[in-house]
Amino acid sequence: MAACSCAPSLRSANFSLPVVALTAIFTGMVLALQSSTGLSRFSADSAVASLVVLSVTRELGPVLAGLMVAGRVGASIAAEIGTMRVTDQIDALSTLSTNPMKYLVAPRLLAGLIAVPLLVVVADILGVLGGFIIATAKLGFSAESYLNNTLTFMQTEDVISGLAKAAVFGVLITLMGCYQGYNSKGGAQGVGAATTSAVVAASVLILAFDYVLTELFFSR
Amino acid sequence: MSGSEGSKTMSASVPKIRLRGVSKSFGDKKVLDGIDLDIETGTSMVVIGGSGSGKSVLIKCILGLIEPDSGTIEIDGKNILTQDRAEREAMRSRIGMLFQNGALFDSLTVWENVAFGLLAQNKCTRAEARPRADTVLAAVGLDATVGDLSPAELSGGMQKRVGLARAIAAQPEILFFDEPTTGLDPIMGAVIDGLIVDCVKKLGSTAIAITHDMLSAQRIGDRAAMLYKGAIVWQGAADTLLNSGNAMVDQFTHGRREGPIQMELRR
């Protein structure tokens with residue numbers, strides 16, 4: 001029966017796809033626009049493609065997707081488990097020979113670990129696409145040279161490090177949702193407070209761990 | 001008086017559930033203050049007491065959901081407080097609990113709720129679960145078609161029945177009922193009480209019910225105990241509740257405003 005408690009988490013990750021996609025594509029577009037005005041001052045317009053692809057895969061893809069998922073999935077996990085807590089459903093699990101940690105928390109952590117990197121793959125692709133659209137339609141780059149630049153500058157480790165970050169963020173988001181929900185008390189108000197805390201804690205942890213992981217991956 | 005009755009039974013057999021000196025405080029508020037209680041195998045004990053007298057905490061202590069600060073809780077002569085996790089889980093599989101508001105899992109259907117304990121304890125396969133759930137639902141007077149509904153679609157009385165079905169599905173030796181009739185109309189209350197008595201008899205279980213419904217207490221219980229300020233102030237046969245001769249019980253059962261119990265409106 002563990003499978004059926006995992007399904008809602010994966011479903012909510014699936015429903016996060018449109019919001020993550022929109023965030024990524026607009027971020028890519030803005031990046032291209034901003035970097036071209038900045039870089040043209042140094043006559044380095046050709047660096048637009050590399051700047052977009054590096055920023056998106058290393059940083060903005062995982063971080064922005066993480067923040068969006070924290071707002072959607074972290075909040076829903078905290079609200080769901082919090083409501084289970086204040087309506088005695090978690091106690092009921094214990095009386096039915098079921099470990100609430102195994103039944104409620106473990107599948108959600110696993111779902112976060114798997115689903116957020118998958119979302120970031122989509123975010124990476126759409127972020128680069130956003131940059132491509134602006135660069136070719138507005139900034140006068142040729143499609144061929146922009147794509148060539150993108151592929152030349154993109155390294156495997158850029159993408160992999162971004163996906164590793166995403167996996168960590170996925171665990172942080174679901175862990176915070178579960179923790180705050182599990183320890184909520186005091187009815188509707190308590191569940192509301194738990195939801196807020198889950199999103200805030202996950203968001204701050206995402207930004208903090210982003211720094212730590214970047215330091216770990218890239219500082220030589 | 002609990003002492004004299006305790007000694008009478010001690011020589012005969014080990015009570016199913018025995019509490020000695022169970023105390024629990026939350027912060028500086030003492031919720032349970034040295035509870036001594038014996039419940040004989042196959043009997044039903046009703047614990048009455050006002051709101052906030054510690055009834056729910058008492059039940060949660062016996063279930064192992066709350067750890068008491070001191071005292072011993074024995075089931076079949078074994079102290080559950082010193083058991084390790086595996087022993088405690090094995091113990092829990094012999095206990096069923098009907099929660100006050102049902103506590104049904106709202107992400108699952110009714111039949112999945114009823115079969116939950118059976119599946120968790122590997123007492124049946126997934127294929128057998130549905131027919132077994134339907135049998136248990138029938139025992140509490142619910143049609144098999146109810147099994148496909150979600151708990152949110154049920155009335156309060158039906159939720160209580162499903163909660164009862166879930167509690168008895170694994171045929172536990174010990175059953176707990178937390179205010180089984182609260183929030184129900186008097187007729188539905190009587191129906192639920194009747195179901196509880198039937199189920200307990202059929203399974204031969206030992207039962208503990210907490211309630212502040214006097215009619216319900218007399219219908220369900222063989223014996224009764226009154227909890228006041230975290231201590232047992234009276235216990236005796238459930239049918240003597242209305243003429244117990246104890247001033248506190250009298251005030252409580254007859255719902256008088258004046259008496260030894262002063263409502264604490266504010267602390």
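Everything in this summary refers to the structure shown in the same document. (Residues numbered from 1 in each chain as written. Chains lettered and ligands numbered in written order. Predicted model: local features only at pLDDT ≥ 70, side-chain atom pairs only at ≥ 80, totals over all residues. Heavy atoms only, no water.)

### Some points on the packing of aromatic side chains
Moving on, step 1. Summed over the entire model, instances satisfying the criterion amount to five aromatic pairs over all chains.
Moving on, step 2. Here B:F105 and B:F116 contribute two aromatic rings whose centre-to-centre distance is 4.8 Å and whose plane-to-plane angle is 50°, an arrangement assigned as tilted. With a gap of 11 residues between them, B:F105 in the loop between β6 (95-98) and α4 (110-120) and B:F116 in helix α4 connect regions that are remote in the sequence.
Moving on, step 3. Among the aromatic side chains, those forming a connected cluster through ring pairs are A:Y103, B:F105 and B:F116.
Moving on, step 4. Directly above the ring of A:F218 sits A:R58, whose terminal nitrogen or CZ lies 3.7 Å from the centroid.
Moving on, step 5. The ring of A:Y182 is capped by A:R85, whose NZ or CZ atom sits 4.8 Å from the centre of that ring. (Phe/Tyr/Trp six-rings, centres within 6.5 Å; stacked < 30°, edge-to-face > 60°. Helix = DSSP H or I, 4+ residues; strand = E, 2+ residues; numbered from the N terminus. Lys NZ or Arg CZ within 6 Å of the ring centre and 35° of its normal.)

### Focus: the sheet that holds strand β7 (residues 174-178) of chain B
All names here are of chain B.
Moving on, step 1. Across the sheet, six strands lie side by side as β6-β7-β8-β3-β9-β10; this open sheet has mixed pairing. The open sheet terminates on both sides in strands that have one partner only, identified here as β6 and β10 (231-237). On average, adjacent strands in this sheet sit at an angle of 15° to one another, irrespective of strand direction.
Moving on, step 2. Both β6 and β7 contribute to a ladder of four bridges, which runs parallel. Bridging across to β7, I95 finds its partner in I174.
Moving on, step 3. Relative to the sheet, helix α6 (residues 156-168) contacts β6 and β7, its axis offset from that of β6 by approximately 175°. (Pairing = 2+ DSSP bridges. Axes fitted to C-alpha atoms, helices over the stretch in contact; angles between N-to-C directions. Contact = heavy atoms within 4.5 Å.)

Any functional reading would require information that these geometric values do not contain.
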